[in-house]
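Residue strings, one per chain:
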Amino acid sequence: MSHHLTAGQRALLEAALVQRQHQLDQRLAEHQDGLSRADHARELLQQDSREAPQREEEREIDMALSDIELRELGEVSLALRRLRGEEYGRCRDCDLEIPFDRLKAEPWAKRCLQCEEMRERDPRRAA
Ligand SMILES: [Zn+2]
């Protein structure tokens, strides 16, 4: 089966995905480190509760960021797996080829722009 992406384009997208994966790994590690530091700080602060609300807030931000990063890391890993197979670069909904320009901007894209927009407009279609 021939593919609409050239070997060079695939290599470029793979490099972008791998780079993103490293970036996310790093940020996730930082936020998880932030979490454990916040936990530790909270224990210490049980004697001094004045700073506690701020620590709590930092902890919540770290947790929210970690969630987003974890989800994105999952998307990136799946995209890398697809890239090594044959189904990468095809829209999951309409099976059309996703243009290279879109993939370049968002290498983990699973759908063409039209289908993506349609899903955003109608959340019931979201899988
Ligand atoms: Zn589509």
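Refer to the preceding data block for the structure.
What comes next concerns the included structure. These figures come from a predicted structure and were not determined experimentally. (Residues numbered from 1 in each chain as written. Predicted model: local features only at pLDDT ≥ 70, side-chain atom pairs only at ≥ 80, totals over all residues. Heavy atoms only, no water.)

## Re the nonpolar core
This is how it is decided: The set of buried Ala, Val, Leu, Ile, Met, Phe, Trp, Tyr and Cys residues whose side-chain atoms join them within 4.5 Å is what this entry labels a nonpolar core. Exposure is judged per residue with a 1.4 Å probe applied to protein chains only, and the accessible area is read against the type maximum: over 50% gives exposed, under 20% gives buried, and values in between give partly exposed. For helices the rule is a DSSP run of H or I covering at least 4 residues; for strands it is a run of E covering at least 2, with both sets numbered from the N terminus onward. Any two residues having at least one pair of non-hydrogen atoms within 4.5 Å are treated as being in contact.
Ranked by size, the top nonpolar core spans 19 residues in total, and within it Leu5, Leu13, Leu17, Tyr88 and Leu103 carry the most contacts. Listing elements by their share of this core, those giving two or more residues are α1 (7–44), α2 (52–84) and α3 (100–105). When residues in this core are grouped by element, the largest group, five residues, is from α2. Once you skip the residues sitting within four places of it in the chain, Leu103 turns out to touch Leu5, Leu13, Tyr88, Gly89, Ile98 and Ala109.

## Some words on the coordination of the zinc ion
The condition is simple: Distances decide who is a donor: an N, O or S atom must be within 2.8 Å of the metal, or within 3.2 Å for Na, K and Ca. Water is not included, so sites may look incomplete. Each label reflects the angles at the metal, where four donors whose angles all fall between 85 and 135 degrees are tetrahedral, four or six donors whose opposite pairs open beyond 155 degrees and whose other angles stay between 65 and 115 are square planar or octahedral respectively, and the rest are irregular.
Those donors, Cys91 (SG), Cys94 (SG), Cys112 (SG) and Cys115 (SG), are the protein atoms that reach the zinc ion, and they lie 2.3 Å from it. Taken together, the four donor atoms surrounding the zinc ion define angles of 103 to 118 degrees at the centre, an arrangement classified as tetrahedral. Take Cys112: its relative accessible area is 8%, and that puts it in the buried class. On the basis of relative accessibility, which here comes to 6%, the residue Cys115 falls in the buried class.

## Focus: the pattern of salt bridges
Note the threshold: A pairing counts as a salt bridge when a side-chain nitrogen of Lys or Arg comes within 4 Å of a carboxyl oxygen of Asp or Glu.
Tallied over the entire structure, the rule returns ten salt bridges. Glu97 serves as the salt-bridge partner of Arg90, at 3.7 Å between the closest nitrogen and oxygen. Looking at Glu97, the relative accessible area reads 38%, which means it is partly exposed. Between Asp93 and Arg111 there is a salt bridge, with its nearest N and O atoms 3.3 Å apart. Taken together, the residues span a long stretch of sequence, with Asp93 in the loop between α2 and α3 and Arg111 in the loop between α3 and α4 (113–121) at a distance of 18 residues. For Asp93, a relative accessible area of 33% gives the class partly exposed. Sharing partners across several salt bridges, the network here consists of Arg90, Asp95 and Glu97.

## Considering unusual backbone geometry
Backbone geometry at Asp95 places phi at a positive 70 degrees, although glycine is not the residue there. Tracing the backbone through its elements, the reader meets Asp95 in the loop between α2 and α3. Taking relative accessible area as the criterion, Asp95 reaches 47% and is therefore assigned partly exposed.

Remember, this is a structural readout, not a statement about activity or role.
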